[in-house]
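Given next are the chains, with one letter for each unit.
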Amino acid sequence: MLTMGEVHTGLLQNSTALVQEQTCEVLNLVQGEDVLTSRRPSLYAVSPDLRTGVDCWLPSARNRQLRGVGAVVTRAIVTGGRIGQASSIVQVVGGTRRRPWSHYLANPGVLETVGQLDPTDLAAGFRQGSAADVLNLEAITGRTLDIVQMSDLLDRRPPLRAARTRLRWTAQVDPEPDATGRATVTVESPTLRTVELVVSPQDVPTAVAGLCEDLALHDWLLTVLSAVVETAVARSVPAQQHIDQLRPVLEHLLHLWLPGARVDPRLLPIWERLEEVPGFSRQWTSSVNWIRDQLTVGTTALVRELADRAAASRPGGA
């Protein structure tokens with residue numbers, strides 16, 4: 001069985017972090033269904049599932065024509081009242097003929113092929129990117145995050161500028177019963193990552209999606225931090241402006257770095273291997289320490305500058 005998904009991550013367009021009640025209202029996307037929330041280790045909320053029916057051609061690395069029919073499941077997530085995500089998932093299974101829509105709607109999150117399925121070819125084609133006339137999880141996922149960002153509760157005054165990132169992933173089951181999961185992460189562009197996962201038969205698709213959501217969240221945090229550092233290094237500005245550029249990252253995002261905190265324990269070894277290579281937490285810690293050092297130096301320079309101004313303004317000052 002092949003599972004595919006896409007996760008979009010971005011900063012909520014609001015000047016302050018949302019409290020639990022506000023988060024629930026923003027994520028109330030399906031009338032009559034509850035928003036699930038958790039306060040530990042940080043505020044975390046998940047919308048009810050949204051279902052999108054699709055009947056289309058499927059991606060193919062070898063340009064094969066294979067039709068798929070089913071319902072994609074998408075959910076929106078808010079972490080720490082600050083970071084918004086939309087996550088889509090679909091399991092692809094082989095089928096032989098087109099069935100009535102009632103059959104597909106009764107099995108949300110499952111896409112049945114009309115013809116012979118080649119999971120490896122489909123997975124490679126999906127990770128390479130979707131053409132306009134094939135299954136497009138990017139559009140479905142992006143639309144859901146747009147709905148969240150357009151909430152009337154958001155004041156459209158975020159404390160810093162940060163690009164939205166996308167993580168596109170596929171997961172295939174290793175036939176070995178005792179196999180451990182593994183992941184290959186590829187940086188396709190400044191805002192797109194692809195992940196090729198191999199999981200054990202015991203790993204359920206929703207848990208795999210949760211791993212990818214957590215990976216997308218921390219990749220976004222690291223991307224934002226790296227962009228801030230690169231900008232600060234490239235520009236020579238007065239001390240006060242330098243402080244104003246760096247401080248929002250520490251004030252609003254630093255406490256949200258909790259890799260693996262909500263990952264299924266069975267999948268934690270995958271996170272642990274990613275911590276070894278490429279070493280997300282090492283890069284995060286190094287960047288945070290650099291920013292703190294820059295703030296200390298900048299604050300010291302600013303205090304010295306103010307002291308010199310005060311001395312110069314006193315009678316007899318030079």
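So, here is what we can say about the structure in this document.

If you tally the helices and strands in the protein, you get 8 helices and 10 strands. Taking all 318 residues of the protein together, 48% fall into the buried category. Look at the contacts in the protein between residues 6 or more apart in sequence, and 73% of them connect residues 24 or more apart. Counting only carbon and sulfur atoms, one obtains 51% of the accessible surface of the protein, whose full area is about 15,600 Å².

What follows is about the side chain of Gln-91. Note that Gln-91 resides in strand β6 (residues 83–93). According to the relative accessible area criterion, Gln-91 is buried, its value standing at 19%. Excluding residues within four positions of it along the chain, Gln-91 makes contact with Met-1, Leu-2, Thr-3, Gly-109, Val-110, Leu-111 and Pro-205.

Before going further, it helps to spend a moment on the environment of Leu-11. By secondary structure assignment, the location of Leu-11 is in strand β1 (residues 2–11). Of the residues examined, Leu-11 reaches a relative accessible area of 2% and is grouped as buried. With 148 residues separating them along the chain, Leu-11 and Pro-159 place their C-alpha atoms 9.4 Å apart. Among residues more than four places away in sequence, those in contact with Leu-11 are Arg-82, Gln-149, Pro-158, Pro-159, Leu-160, Ala-162, Trp-220 and Leu-253.

Turning our eyes to something else, we now look at unusual backbone geometry. Residue Arg-40 is joined to Pro-41 through a cis peptide bond whose omega torsion reads 0 degrees. Mapped onto the secondary structure, Pro-41 falls in the loop between β2 (36–38) and β3 (44–46). Positive phi, normally seen in glycine, also occurs at Asn-63, with a value near 60 degrees. One can find Asn-63 in the loop between β4 (50–57) and β5 (67–79). Residue classification places Asn-63 among the exposed residues on the basis of a relative accessible area of 70%. The backbone phi angle of Arg-156 is positive, close to 65 degrees, even though this residue is not glycine. As for its position among the elements, Arg-156 is in the loop between α4 (137–149) and β8 (165–173).

Per the stated rule, a full pass over the model turns up 1 cavity of 30 Å³ or more. Approximately 40 Å³ is the volume found for the largest cavity. Looking at the largest cavity, the residues that line it are Leu-58, Pro-59, Ser-60, Arg-64, Leu-66, Asp-118, Asp-121 and Leu-122.

This model, assessed by the stated rule, comprises 3 aromatic pairs. With centroids separated by 5.8 Å and ring planes inclined at 75 degrees, the aromatic side chains of Trp-101 and Tyr-104 adopt a geometry described as edge-to-face. Taken together, the residues Trp-101 and Tyr-104, both in helix α2 (residues 101–105) and 3 residues apart, mark about one turn of the helix. Take Tyr-104: its relative accessible area is 1%, and that puts it in the buried class. Relative to Phe-280, the ring of Trp-271 lies with its centre 5.8 Å away and its plane at 80 degrees, an arrangement referred to as edge-to-face. Taking the relative accessible area as the measure of exposure, Trp-271 reaches 3% and is therefore buried. One cation-aromatic arrangement involves Arg-98 over Trp-101; the distance from NZ or CZ to the ring centre is 5.0 Å.

If you add up the space inside the largest pocket, you get close to 340 Å³. The wall of the largest pocket is formed by 18 residues, among which Arg-161, Ala-162, Val-224, Ala-227 and Val-228 lie closest to the centre. The biggest single contributor to the lining of the largest pocket is helix α5 (residues 205–234), with 7 residues. Its residues placed into classes, the lining of the largest pocket shows 12 nonpolar, 5 polar and 1 charged. Taken together, 14 residues form the lining of the second largest pocket, with Val-187, Arg-193, Asp-219, Leu-222 and Thr-223 sitting closest to its centre. Put simply, the parts of the chain that give the lining of the second largest pocket at least two residues each are β9 (182–189), α5 and α8 (280–313). Residue contributions to the lining of the second largest pocket peak at 7 residues, all from α5.

Summed over all chains, the structure comprises 17 salt bridges. The shortest N-O distance in the salt bridge between Arg-64 and Asp-121 comes to 4.0 Å. Taken together, the residues Arg-64 in the loop between β4 and β5 and Asp-121 in helix α3 (residues 119–128) connect sequence positions 57 residues apart. With a closest N to O distance of 3.2 Å, Arg-166 and Glu-138 form a salt bridge. Here the residue Arg-166 occupies a position in strand β8, and Glu-138 occupies one in helix α4, the gap between them amounting to 28 residues. With relative accessibility at 19%, the residue Arg-166 sits in the buried group. Counted as one network, the salt bridges with shared partners bring together Glu-6, Glu-138, Arg-166 and Arg-168.

What counts, and where the lines are drawn
Residues numbered from 1 in each chain as written. Predicted model: local features only at pLDDT ≥ 70, side-chain atom pairs only at ≥ 80, totals over all residues. Heavy atoms only, no water. Helix = DSSP H or I, 4+ residues; strand = E, 2+ residues; numbered from the N terminus. Buried < 20%, exposed > 50% of the residue type's maximum accessible area, 1.4 Å probe, protein only. Contact = heavy atoms within 4.5 Å. Areas by Shrake-Rupley, 256 points an atom, 1.4 Å probe, with all protein chains shown as cover. 1 Å grid on protein atoms, 1.4 Å probe; cavity = no way out; pocket = protein on both sides within 12 Å on 5 of 7 lines; lining within 4 Å. Points joined across faces, edges and corners; volume = space filled by probe spheres on them. Phe/Tyr/Trp six-rings, centres within 6.5 Å; stacked < 30°, edge-to-face > 60°. Lys NZ or Arg CZ within 6 Å of the ring centre and 35° of its normal. Nonpolar A, V, L, I, M, F, W, Y, C, P; charged D, E, K, R; others polar. Salt bridge = Lys/Arg side-chain N within 4 Å of Asp/Glu carboxyl O.

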